[in-house]
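# Understanding the architecture of this molecule
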Amino acid sequence: MPEHRYDPRAIERKWQAVWEREQTWHVSNDEATDLPKSYVLEMLPYPSGEPHMGHLKNYAVGDAVAHFHRRTGRRVLHPIGYDAFGLPAENHAIRSGEHPRDSTAQSIAQFQRQFREWGVSFDWSREFATSEPRVYRWTQWLFLRFLERGLAYRKEAAVNWCPVDATVLANEQVIDGRCERCGSPVEARQLEQWFFRITDYADRLLDDLATVDWPDHVVSMQRNWIGRSEGAEVTFSCEELGTEYPVFTTRPDTLFGATFFVMAPEHPDVLRLAAGTEHEQAVREYVNSVLTEDGAERGATEREKTGVPLGRTVVNPVNGERIPMWVADYVLMEYGTGAIMAVPAHDERDFAFATKFGMEIRRVIEGGEHLPYTGDGPIVNSDPRFDGMQNREALDAIVSWLDGDGRGHRSTNYRLRDWLLSRQRYWGCPIPIVHCGECGLVPVPDDQLPVLLPDVLDYKPKGRSPLATAEEWVNTSCPRCGKPALRETDTMDTFVDSSWYFLRYCDAGNDEAPWDPEVLARWAPVDQYIGGIEHAILHLMYARFFVKALADMGHLNMQEPFNALFTQGMITRDGAKMSKSKGNVISPTPYVERYGADTARCYILFIGPPDQDADWSDSGVEGVHRFLGRLWRLGAGLAEHGAPAPIDATVNGAAGDDLELLRKAHWAIDKVTGDMNGRFAFNTAIAAVMELVNECYARRDSAGEASLRFATATAASLIFPFAPHAGADVFELLTGTRVWDEPWPEADPALLERDEVEIALQINGKLRDRMPASSSADRAQLETLARARPRVQAHIDGKDVVKVIVVPAKLVNFVVR
Ligand SMILES: [Zn+2]
Ligand SMILES: [Zn+2]
């Protein structure tokens with residue numbers, strides 16, 4: 001018999017052609033079916049350059065889930081698209097010296113080719129890029145609905161400005177004072193910007209986290225980002241300037257202990273307050289130094305405190321005391337109102353500041369040996385009406401008392417800020433607004449959408465939007481009064497596109513609306529979402545906001561976009577994160593070319609639990625490749641011995657090696673099924689199939705043809721979600737049928753039990769004999785069997801058996817006297 005050669009290239013091309021020709025993974029929106037639906041979705045890629053190993057892992061995970069769901073009786077929607085607008089694509093274009101339109105198209109073509117070469121089971125009929133006019137038309141349409149609803153608005157705001165990327169960054173894109181993309185220090189600027197009013201949804205975004213099946217750490221990241229805290233807003237006033245400064249505090253019970261007042265350096269009133277005082281120059285210098293520093297760890301408790309006095313005082317509304325005003329960088333503009341009352345006796349950071357600058361420290365709560373004391377206790381040194389009360393009670397009493405004459409009120413504070421969506425960049429969805437001298441901001445009417453992104457040759461960022469240079473495009477007429485007017489030149493943050501793309505897949509061909517709500521309801525929400533942890537805050541928060549807002553507008557009927565979420569770990573090399581700058585990025589391509597896509601896919605899932613980071617190793621790839629080769633050769637060898645036939649799983653009368661092989665196959669079915677159901681333990685699932693293949697080889701000469709065929713076909717069937725080409729090929733060689741049309745195999749419980757076990761026989765706890773017995777034998781059967789053993793009889797004859805202890809499948813112990 002000639003040795004069969006495993007030729008992944010030929011096998012993979014063969015099956016990819018079948019799937020392409022027959023549109024195997026296409027699902028229609030109209031098909032009547034009783035099957036439950038399953039919407040399996042991997043986060044869509046940014047087409048900036050070539051796919052890397054992280055992509056391979058993401059789609060290998062998603063495809064395994066999609067195949068498993070199909071074969072366990074679900075109708076699966078598994079679409080793909082490209083997050084083609086935005087900074088990643090534009091920056092890639094700048095690096096490669098091409099127009100983003102061209103570099104994005106090339107990158108998309110590479111993704112398409114590789115997705116096909118990897119054999120990912122996408123429904124290609126729904127594919128789109130968010131940069132296509134037929135898609136962004138609806139992004140603009142949705143923006144206008146948010147505008148009508150008051151959920152999109154414009155205001156002047158201090159923005160985070162990246163001088164290198166020449167664009168505004170969302171707060172979330174600023175990491176330790178630096179641009180998330182290029183690492184340059186971020187500057188502050190004032191600009192008119194478009195915002196989404198996501199803060200209106202803060203409570204629902206927080207509360208509904210209880211309704212999703214997401215990893216705990218992602219839920220807590222979302223929670224912290226929303227940052228809801230309960231407390232009071234209390235107004236302090238600066239009498240010299242006649243200005244009022246509300247502060248948010250979670251500790252109104254300590255108001256009588258406030259001995260100074262601190263503002264954030266970014267607070268718009270800081271320079272005005274200091275003007276004309278002896279501190280004016282020092283304040284100006286301090287603010288400048290803070291705004292240009294990199295901002296790392298600002299606000300951290302252990303950091304050395306800095307600050308300067310403003311030369312003004314504010315009145316504490318609870319006791320009329322005038323307390324000094326300071327500016328200090330431990331107060332953040334993003335939190336609360338950008339100003340705080342400082343209570344050094346009961347707050348660690350205030351205490352550190354007061355100690356350094358010699359401020360008064362006044363205890364107002366009893367307890368603790370040392371200050372600062374942040375625990376509970378009775379109120380002291382406050383007002384007779386509160387002194388002696390427990391501080392938690394006093395907290396309510398003080399707020400109610402302040403509320404009586406408008407000096408304060410109960411309040412909830414959120415860390416979440418409104419979503420700044422304006423970008424002064426070229427490669428994004430144009431904001432469909434016209435600025436008219438007469439009418440102000442005028443929305444472009446729906447029937448004039450899309451506002452096409454003009455061709456701009458010099459698209460590079462310059463501080464104002466490159467669209468401003470497209471004069472023919474910018475100069476338009478007002479849709480309302482017809483007079484000359486100018487188009488909005490900002491484009492939308494690319495997170496707007498990814499906040500609704502998963503809805504569009506459900507009805508991707510619709511030209512009348514972004515989707516038909518009835519069609520949408522057949523697929524949405526996403527049942528299993530898969531992607532990187534780096535999107536755990538922004539993308540997921542924004543998509544949740546979109547869905548809630550659109551539900552309120554009546555465009556869809558659900559509250560959460562993603563029922564279940566899986567976040568995969570990174571692929572590292574030699575323990576280091578892969579990055580273009582380190583030059584240690586591994587492309588999947590050479591591995592796919594050398595070993596085949598099945599090997600690359602299987603290996604990336606085999607290296608470790610897919611939610612953990614895993615280190616890529618070339619020798620590990622070889623091992624997986626050998627395993628797939630062994631499986632394929634086993635199948636090809638068996639196929640030579642007989643025509644394909646349905647697999648025979650009957651075990652009547654099977655014994656010896658045949659029975660052992662069948663048992664191993666059922667054990668593998670049970671193991672892989674358990675690993676697929678929820679836990680995503682693909683690494684141990686693949687290991688179980690490897691064990692089964694080893695067992696086939698070990699019993700190849702002693703077991704019968706039928707049981708070998710069954711075990712091998714089962715291995716092919718179980719490996720199919722991870723190595724779809726080899727799985728389909730071996731299964732077809734043996735059975736003549738297509739594995740994806742077959743239901744997922746079920747383990748026979750009878751075969752899962754090792755029928756015979758060894759039972760220890762004890763007399764008064766001492767081992768006297770062992771006997772074989774069925775693992776399912778009950779207590780009475782075991783006792784009867786044990787009593788029949790000569791050695792047991794020898795020990796109990798003539799004695800009084802006071803008790804028999806039976807542990808099924810383990811032991812029988814006679815207690816005798
Ligand atoms: Zn930057
Ligand atoms: Zn007008």
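Refer to the structure presented above.
Below you will find a few notes about this structure.

## Quick notes on the overall build of the chain
Broken down by element type, the chain carries 26 helices and 32 strands. Every one of the 817 residues in the chain was classed for burial, and the buried ones make up 54%. Taking the intrachain contacts of the chain between residues at least 6 apart in sequence as the baseline, contacts between residues at least 24 apart amount to 72%. Just so you have it, the chain exposes about 34,200 Å², and 48% of that area is on carbon and sulfur atoms.

## Observations regarding the packing of aromatic side chains
According to the stated counting rule, one finds 54 aromatic pairs in the structure shown. With a centroid separation of 6.0 Å and an interplanar angle of 50 degrees, the aromatic rings of Phe256 and Phe386 are classed as tilted. With Phe256 in the loop between strand 11 (243–249) and strand 12 (260–263) and Phe386 in the loop between helix 10 (348–357) and helix 11 (391–404), this residue pair connects regions lying 130 residues apart in the sequence. Given a relative accessible area of 3%, Phe386 falls into the buried group. Put simply, the rings of Phe143, Phe146, Trp194, Phe196, Tyr201, Trp419, Phe495, Tyr542, Phe545 and Phe546 pair up and form one aromatic cluster. When the ring centre of Trp124 is taken as reference, the NZ or CZ atom of Arg116 above it lies at 4.0 Å. Of note, Lys460 hangs over the ring of Tyr459, and the distance from its end group to the ring centre comes to 5.2 Å.

## Observations regarding the coordination of the zinc ion (ligand 2)
The zinc ion (ligand 2) binds to the protein through Cys436 (SG), Cys439 (SG), Cys478 (SG) and Cys481 (SG), with metal-donor distances spanning 2.2 to 2.3 Å. If you look at the zinc ion (ligand 2), its four donor atoms make angles of 104 to 114 degrees with each other, and the shape they trace is tetrahedral. On the primary sequence, the residues serving as donors to the zinc ion (ligand 2) are separated as C-x2-C-x38-C-x2-C. Look at Cys436 and you get buried, because its relative accessible area is 8%. For Cys439, a relative accessible area of 27% corresponds to the partly exposed category.

## Brief notes about the sheet that holds strand 2 (residues 75–77)
Ordered in space as 2-1-24-25, the four strands form an open sheet in which the pairing is parallel. This sheet does not close on itself; its edge strands, each paired only once, are strand 2 and strand 25 (562–568). Neighbour to neighbour, the strand axes of the sheet diverge by 20 degrees on average, direction disregarded. Looking at chain direction, strand 1 (residues 37–42) and strand 24 (residues 526–532) are connected through three bridges and run parallel.

## A look at empty space enclosed by the protein
For the coordinates displayed, the defined rule picks out two cavities of 30 Å³ or more. Looking at the largest cavity, its volume works out to about 80 Å³. Around the largest cavity, the lining residues are Gly86, Leu87, Pro88, Gln173, Arg181, Arg423, Arg425, Trp427, Thr491, Met492, Asp493 and Thr494. Residues belonging to the lining of the largest cavity are distributed by class as follows: four nonpolar, four polar and four charged.

## So, the side chain of Thr130
By secondary structure assignment, the location of Thr130 is in the loop between strand 4 (128–129) and helix 5 (133–148). Given the relative accessible area of 2%, Thr130 is considered buried. Among the polar contacts listed, one links the side chain of Thr130 to the backbone nitrogen of Ala84, at a separation of 2.9 Å. Beyond its immediate sequence surroundings of up to four residues, Thr130 is in contact with Leu44, Tyr82, Asp83, Ala84, Phe85, Val135, Tyr136 and Asp497.

## Describing the coordination of the zinc ion (ligand 1)
Protein coordination at the zinc ion (ligand 1) comes from Cys162 (SG), Asp165 (OD), Cys179 (SG) and Cys182 (SG), with a distance range of 2.1 to 2.3 Å. Because the angles between the four donor atoms bound to the zinc ion (ligand 1) fall within 97 to 118 degrees, the donor set is best described as tetrahedral. Here the donor residues of the zinc ion (ligand 1) are spaced in sequence according to C-x2-D-x13-C-x2-C. Placement of Asp165 in the loop between strand 5 (152–162) and strand 6 (167–169) and of Cys179 in strand 8 (residues 178–179) is noted, with a sequence separation of 14 residues between them. Residue Asp165 is classed as buried on the basis of its relative accessible area of 6%.

## Brief notes about the nonpolar core
The tendency in soluble globular proteins is for nonpolar side chains to be buried as a group. Judged by nonpolar contacts, the single largest core of 91 residues is most densely connected at Phe143, Phe146, Phe196, Trp419, Phe502 and Phe545. Of all the elements, helix 16 (residues 538–552) adds the most residues to this core, at 11 residues. Among the nonpolar cores identified, the runner-up in size contains 90 residues, and Leu661, Ala688, Met690 and Phe722 belong to it.

## Here's the deal with the environment of Pro454
Relative to the elements of secondary structure, Pro454 occurs in the loop between strand 20 (440–443) and helix 12 (471–474). Under the relative-accessibility criterion, Pro454 is labelled buried at 11%. As for Pro454 and Tyr426, which are separated by 28 residues in sequence, their C-alpha atoms are 9.2 Å apart. Ignoring any residue separated from it by four or fewer positions in sequence, one finds Pro454 in contact with Arg101, Tyr426, Leu467, Ala470 and Trp473.

## Quick notes on the side chain of Arg75
Assignment of secondary structure puts Arg75 in strand 2. Overall, the relative accessible area of 11% leaves Arg75 in the buried class.

## What about the environment of Asp670?
Structurally, Asp670 can be placed in helix 20 (residues 656–679). Sequence separation of Asp670 and Asp748 is 78 residues, and the distance between their C-alpha atoms is 8.6 Å.

## Things to note about the packing of helix 2 (residues 53–71) against helix 4 (residues 100–118)
Following both chains from N to C, one finds helix 2 and helix 4 inclined at 50 degrees, their axes separated by 12 Å at the closest point. Here helix 2 is positioned oblique relative to helix 4, judged by the angle of their axes. Here helix 2 runs over helix 4; the crossing is right-handed. Contacts between helix 2 and helix 4 pair His55, Leu56 and Tyr59 from the former with Phe111, Phe115 and Trp118 from the latter. Residues belonging to the contact of helix 2 with helix 4 are distributed by class as follows: five nonpolar, one polar and no charged.

## Observations regarding helix 3 (residues 87–96)
For helix 3, the buried fraction is high: seven of the 10 residues fall into the buried class. Here helix 3 has its buried residues at Leu87, Pro88, Ala89, Glu90, Asn91, His92 and Ala93. Turning to helix 3, the residues buried within the fold contact helix 4 and strand 6. Positive backbone phi, at 70 degrees, marks Gly97, one or two positions downstream of helix 3.

## Focus on the sheet that holds strand 28 (residues 614–616)
The strand order across the open sheet built from three strands is 27-26-28, with neighbouring strands paired in mixed fashion. Lying at the two open borders of the sheet, with one neighbouring strand each, are strand 27 (576–577) and strand 28. One ladder, built from three bridges, connects strand 26 (residues 571–573) with strand 28; its direction is parallel. If you follow Thr572 over to strand 28, its bridge partner there is Asp615.

## Things to note about the packing of helix 22 (residues 705–719) against helix 23 (residues 724–735)
Any two packed helices are characterised by how steeply their axes cross, that is the angle between the axes, and by the distance between the axes. Two elements in contact, helix 22 and helix 23, have axes separated by 8 Å at closest approach and are oriented at 150 degrees. Overall, the two elements helix 22 and helix 23 adopt an arrangement that is roughly antiparallel. At the point where helix 22 passes helix 23, the crossing takes the left-handed sense. Listed contacts from helix 23 to Arg709, Thr712, Ala713, Ala716, Ser717 and Ile719 of helix 22 are Gly727, Val730, Phe731, Leu734 and Thr735.

## Describing the pairing of strand 10 (residues 229–238)
Pairing between strand 10 and strand 16 (residues 408–413): six bridges, direction antiparallel. Across the sheet, the residue bridging to Glu230 is Thr412, located in strand 16. Here strand 10 folds back onto strand 11 in antiparallel fashion, the turn holding four residues, of which Gly242 has a positive phi close to 65 degrees.

## Looking at the pairing of strand 30 (residues 766–774)
Looking at chain direction, strand 29 (residues 756–763) and strand 30 are connected through eight bridges and run antiparallel. Of the residues in strand 30, the one forming a bridge with Glu756 is Ser774. Hairpin remark: strand 29 followed by strand 30, antiparallel, with two residues in the connecting loop; positive phi at Asn764, about 50 degrees.

## Structural notes on unusual backbone geometry
Glycine aside, negative phi is the norm for most residues, and most peptide bonds take the trans geometry. With an omega of 0 degrees, the peptide bond between Leu449 and Pro450 qualifies as cis. For Ala166, which is not glycine, the phi dihedral falls at a positive 50 degrees. Within the secondary structure layout, Ala166 lies in the loop between strand 5 and strand 6. For Ala809, which is not glycine, the phi torsion reads 65 degrees and is therefore positive. Looking at the element boundaries, Ala809 is found in the loop between strand 31 (801–807) and strand 32 (811–816).

Criteria and cut-off values
- Residues numbered from 1 in each chain as written.
- Chains lettered and ligands numbered in written order.
- Predicted model: local features only at pLDDT ≥ 70, side-chain atom pairs only at ≥ 80, totals over all residues.
- Heavy atoms only, no water.
- Helix = DSSP H or I, 4+ residues; strand = E, 2+ residues; numbered from the N terminus.
- Buried < 20%, exposed > 50% of the residue type's maximum accessible area, 1.4 Å probe, protein only.
- Contact = heavy atoms within 4.5 Å.
- Areas by Shrake-Rupley, 256 points an atom, 1.4 Å probe, with all protein chains shown as cover.
- Phe/Tyr/Trp six-rings, centres within 6.5 Å; stacked < 30°, edge-to-face > 60°.
- Lys NZ or Arg CZ within 6 Å of the ring centre and 35° of its normal.
- Donors = N, O, S within 2.8 Å, 3.2 Å for Na, K, Ca; no water.
- Tetrahedral: all angles 85-135°; square planar, octahedral: opposite > 155°, others 65-115°.
- Pairing = 2+ DSSP bridges.
- Axes fitted to C-alpha atoms, helices over the stretch in contact; angles between N-to-C directions.
- 1 Å grid on protein atoms, 1.4 Å probe; cavity = no way out; pocket = protein on both sides within 12 Å on 5 of 7 lines; lining within 4 Å.
- Points joined across faces, edges and corners; volume = space filled by probe spheres on them.
- Nonpolar A, V, L, I, M, F, W, Y, C, P; charged D, E, K, R; others polar.
- Polar contact = N/O pair within 3.5 Å; in protein donor to acceptor, adjacent residues only side chain to side chain.
- Core = buried A, V, L, I, M, F, W, Y, C linked by side-chain atoms within 4.5 Å.
- Parallel < 35°, antiparallel > 145°, perpendicular 65-115°, else oblique.
- Left-handed = near helix turned anticlockwise from the far one by under 90°.

So far we have only geometry, and geometry alone does not tell us how the molecule works.
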